[in-house]
Structure formats: structure tokens, C-alpha cells
Amino acid sequence: IAHLWLIAPVLQNGDGAVYNEQIEQHALGIRTPHVGYMVLGIVFNAVLPFGTERNLNLMCLAFASAGAAAAIVLARKCGASWTAALFAGLLIFGIRPYLRGAVLAEVDGVACSLILLSLACWVHERRVAGGVLFGAAMLVTPLSSLSLPALLFTRIGGKSANQSVARRLLDVAVLGAAALVGDGIGGPYEY
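Residues numbered from 1 in each chain as written. Predicted model: local features only at pLDDT ≥ 70, side-chain atom pairs only at ≥ 80, totals over all residues. Heavy atoms only, no water.

(A) Broad picture of the side chain of Ser118. Mapped onto the secondary structure, Ser118 falls in helix α6 (residues 107–123). Assessed through its relative accessible area of 0%, Ser118 is described here as buried. Dropping the residues within four chain positions of it, Ser118 is found in contact with Gly130, Leu133, Phe134 and Leu151. (Helix = DSSP H or I, 4+ residues; strand = E, 2+ residues; numbered from the N terminus. Buried < 20%, exposed > 50% of the residue type's maximum accessible area, 1.4 Å probe, protein only. Contact = heavy atoms within 4.5 Å.)

So, in C-alpha cells, the structure goes:
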């Protein structure tokens, strides 16, 4: 809510103008690997009553806020006190690229938030939800794949060292299958 005053009907770059046009025309597979961002933009643009620029900026703020909430959940899971966890959630907005992605429509902020949400689900042993969210992040931008090691090498339920190899492989298989299903919804990309 504190960042709502920063929301304005402005574009961050030239890609924003192209993406807004594609969102308005519901053109999902043209000139972009960011089909997930387009789908989310279409939904938010249909639901919110403002112009496309402001609607997408509000969408990014909503996702950034969800990512901050995921940071709080992750901090608590790592043993932080409620005070420290809440501070971590607020502090994430102090990271300039995160704040910029929160108030100006950009795929990176949405992807970062989805990755944080995926990781929060993963550490709480919600493998399918974590996989679907990771697949959604991959649809927003394929660069999300660079965060895969964070999921694969993070302890699940605090017992990674004691888990059998078979159980660990099952966890990864479930996450991967859910991510592929989530990512497969977008279909092939056209450039």
C-alpha cells in the first residue's frame, strides 16, 4: 500500500509499449518468450479499470508484494524471529531493481516474485504448488531457469541430510513434472 503512490501510467522502456499492445490485442505468441507475463497482463488488464500501463504497473506491485510475503515465510523457515522476518519482507523493497520492478511493469519483478513463492512452497513441502509456480516463472521469462539450483539444493522440511536418495529424487521429479505442466501451458514461442 505504501508504494501505491509510485504507480503511474508510465512505461519503463520500449518493450513495455510492445508488450502493452500485445496484451491489448491478446497476441500471446508473437515476438516474445514472455508468454506468461502476457497471460497475466491480459487477466489484470481485464479485471482492473485503469489503462493498460497503470494496470500492469499495479499487477507488478501485487506480485512484488506476494514475493515480499514469500520472503517473510522463507525467513521464518530459516529460523528468523517474526520481527526479523517482517523486516526482511520490507527490506526486499530496498533493493533498487526489486522496487523498480514493483512499480514499473517489467517481467523480471514478476518472475522474481514467482520464484520466491515457488521456493516458499518448496521448503514447506508443497512440491506441486512449488513446481507450478516455478513453471509459471519460466513462462514469464526463461531466465528463471537460473534459479533452479536454489530449489534443488534447498532443504525440504529441514531434513534434507536425512532424506533417502529415492525420496529426494521423487521430490525433484514431482517439482519438475509440475513445472513442465505449468510451463507447457504456454506452448511454443514465436520470435
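(B) Region of the structure containing the nonpolar core. In this structure, Leu74, Ile92, Phe93, Tyr98, Ala102, Leu116 and Leu119 are the most contacted members of the largest nonpolar core, which totals 20 residues. Secondary-structure elements contributing two or more residues to this core are α3 (52–77), α5 (96–103), α6 and α7 (127–140). For this core, the element with the most residues is α3, which contributes six residues. Sequence-distant contacts of Leu119, defined by excluding residues within four places in its chain, comprise Leu74, Ala150, Leu151 and Thr154. By size, the runner-up hydrophobic cluster in this structure holds 17 residues, among which are Leu56, Ala105, Val107 and Val110. (Core = buried A, V, L, I, M, F, W, Y, C linked by side-chain atoms within 4.5 Å.)

So, to be careful, I would describe these as geometric facts and stop short of saying anything about function.
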